[in-house]
Structure formats: C-alpha cells, structure tokens
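As a plain string of letters, each chain reads:
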Amino acid sequence: YNTDVVFDAQGKLVARYHKYNLFLGENQFNYPKEPEAVTFETPFGKFGIFTCFDILFYEPAVVLVSKMQVDTVIFPTAWMNVLPFLTAIEFHSAWAIGMRVNVLAANTHNTSMEMTGNGIYAPAGARTYSYNMKTEDGHLLIAELDAHPRLSPASPPAVSWNSYALSVERFSQNDHEFTGIIFEDLFTFTELTKPGGNLTVCQKNLCCHLSYKMAEKRDDEVYVLGAFDGLHVIEGQYYLQICSLLKCPSTNLSTCGQPTEMAQTKFEMFSLSGTFGTSYVFPEVLYSGVQLAPREFEVLADGRLINRNTTSKPVLTVTLYGRWYEKD
C-alpha cells in the first residue's frame, strides 16, 4: 500500500492509513477494498489523514470532514502542478476554505516533475505557504492555527453556493462565446472586452456570473470568463462544475485555457458566482508568478467570491471549482 503512519509525542504508532484513490502510474500499489477514514485525537484537536489524489474524491477526504468532524487534515502529497486550476498551493488552500477545515499540506519537491508547493491552510485562507520552482531547496513552514476552526469566531459563515447566482437575471446575452480546452475539458468562454462590466456564460445547467472592474484595460492581455459542467476523464474520472475568470497566455483567443504564469492586469473589483448543483465548491484566487492572495478575497454567504481591495498583484485566475461527487 501507499501508506501514511502517525506517531505521537512518545513515539507510539497512533494511526495508519492506506491510500484509496491511486493515481495513474501507481499500479505497483494495492489499495484497500473499502476506503479507510482514519482519525486520531490530539490535545489540540481531532486530525484526519489522506494522501495526494484522495483530495479530489468524496471518500475518504470529504467523509473525514463532514461525518468524522475532524479539525485538521494532514496531507502528504507528490503533487504535479497543473495550471490554471490545479497547482498545489491553489487547490489545497481552496479545499481548506471550501471544507472549512485546517489543511497541513506537505508536498515533495521535485522541480523536474513540476512538484512544488506546501502550505498551512485555514478556512479563511493560507496562513503560510511556499512555492519554489527555481531551486531544489526544501522549506520549513510554521504558522499558528485555530485548533478547532469551526468553533472559532474567525471562522467564515457556511455558504449557500448558488443562492446569489440563482437570484439574478442573466447579465449579458452576448454573441461572443467561443470554446476552449482546459486540461482536456471543453469550456465555454466569453471575452472581457471592456474595462469593467457584468458578464454571464453558461454551459448545460451551470451559469457563471461575473461583475468586474480592471485597474486598467491593456491591449496586450486578454481575460475570459469560462464555464464547464461535465465529467472530467483525463487522469481519473470525476464530475466538475467550474466558473473561472482567467488570463489567456496571449491575445489570440485560441490560447485561452492554456497554462500561463505571468500577468500584468490588476482588478479593482471582482465578484464571481455560479448556479452550482453541488455544495462542494472550492474558491481559488491565483496571482501572477503563481502566488496566493491570503486575506485579499472572501466568500460571501450567498456564494459570491469577491475581492476586498484592489488586487495587490496582477490576476491569473479567480475560480470556483465545484466537485459534484454523486455524478462521478
């Protein structure tokens, strides 16, 4: 098995977990017949543990939080970064926010395989993180966390992910929609042609609403609003509903959705929401240079992902990444 072990302060073995959701290329491992929901108690909260690819699935990851009520997840991983939605720091911090739990994510560091990005993530955002593709040096992260985040006054409110989006009319009936591929999924896009405004783009049952104002509209950068509602089938099979404001690598619309790490446009305001059919939605904000934006954005109780002030760095993507587990 691909196994995690936990020792207490006296060196006693207190927990053992066998990875359930094996990734491609892990066929040398067995996996348990039934998923294991492994928890252990500490003087500073109840902990759960799972590994890498597990985080994209209902069992055991969601079960540990929703049914076993863990406070903190320990998450060892060998995570290959995939822009625009699945870099380690971006998705793991978003999972902590969406599940309202602490996540301690320890990634292996292998730049030749695009593996980097560790963090200590709280329900209100990253407390500390590291992203380093330049050297092979390791990095120790230390931060202070609420031992019981659900009971903390700082804990964000529970979110009804579709309540705002269902309450508003479609913003724009535009003729400028086009399609593009992200990680082999066919998205519906519409371009942000003005410095500010309101846009809606829909795919199947998902409509994504965006209100925005750029600090300046540049001629050399293109941003789009995208929607995807469907079964993802590359490197695993899982059902996604995604709303995303993202920067295209060039002004050629055919490049939209391809990875890009640098941007130059800051946003004075953004508000992103969607008519999600799932209550499991993970909010991501990624800045130029693959940097997080802790404390610069928040999720309102009605499901809107908004910024608090003008973004401190240019924006790569603002995304609501929904997982509809029942449709897998």
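Structure: above.
None of these values were measured; they are calculated from a predicted model.

Definitions and cut-offs
Residues numbered from 1 in each chain as written. Predicted model: local features only at pLDDT ≥ 70, side-chain atom pairs only at ≥ 80, totals over all residues. Heavy atoms only, no water. Helix = DSSP H or I, 4+ residues; strand = E, 2+ residues; numbered from the N terminus. Polar contact = N/O pair within 3.5 Å; in protein donor to acceptor, adjacent residues only side chain to side chain. Contact = heavy atoms within 4.5 Å. Buried < 20%, exposed > 50% of the residue type's maximum accessible area, 1.4 Å probe, protein only. Pairing = 2+ DSSP bridges. Phe/Tyr/Trp six-rings, centres within 6.5 Å; stacked < 30°, edge-to-face > 60°. Lys NZ or Arg CZ within 6 Å of the ring centre and 35° of its normal.

This paragraph deals with the side chain of Thr-116. If you trace the backbone, Thr-116 turns up in the loop between strand E6 (102–107) and strand E7 (118–122). There is a polar contact of 3.0 Å between the side chain of Thr-116 and the side chain of His-109. Those residues in contact with Thr-116 that sit more than four places away from it in its chain are Trp-79, Asn-81, Ala-88, Asn-107, Thr-108, His-109, Tyr-131, Asn-132 and Met-133.

Next up on the list: the pairing of strand E1 (residues 3–7). Covered by surrounding structure in E1 are Asp-4 and Val-6 only, the residues Thr-3, Val-5 and Phe-7 on the alternate face being uncovered. Taken together, the five bridges between E1 and strand E2 (residues 13–18) define a ladder with antiparallel strand orientation. The residue of E2 that forms the bridge with Val-6 is Ala-15.

Now for the packing of aromatic side chains. For the structure on display, the rule yields 25 aromatic pairs. Their ring planes at 80 degrees and their centres at 6.4 Å tell us that Tyr-58 and Tyr-280 sit as a pair that is edge-to-face. With Tyr-58 in helix H1 (residues 58–66) and Tyr-280 in the loop between strand E15 (267–274) and strand E16 (281–287), the pair connects residues that are 222 residues apart, well separated along the chain. The partly exposed category is assigned to Tyr-58, whose relative accessible area is 27%. Feature note: the residues Phe-50, Phe-75, Trp-79, Phe-85, Phe-91, Trp-95, Phe-178, Phe-187, Phe-189, Phe-228, Phe-282 and Tyr-321 constitute an aromatic cluster, connected by ring pairs. Lying across the ring of Tyr-164, Arg-304 places its NZ or CZ 4.3 Å from the centre.

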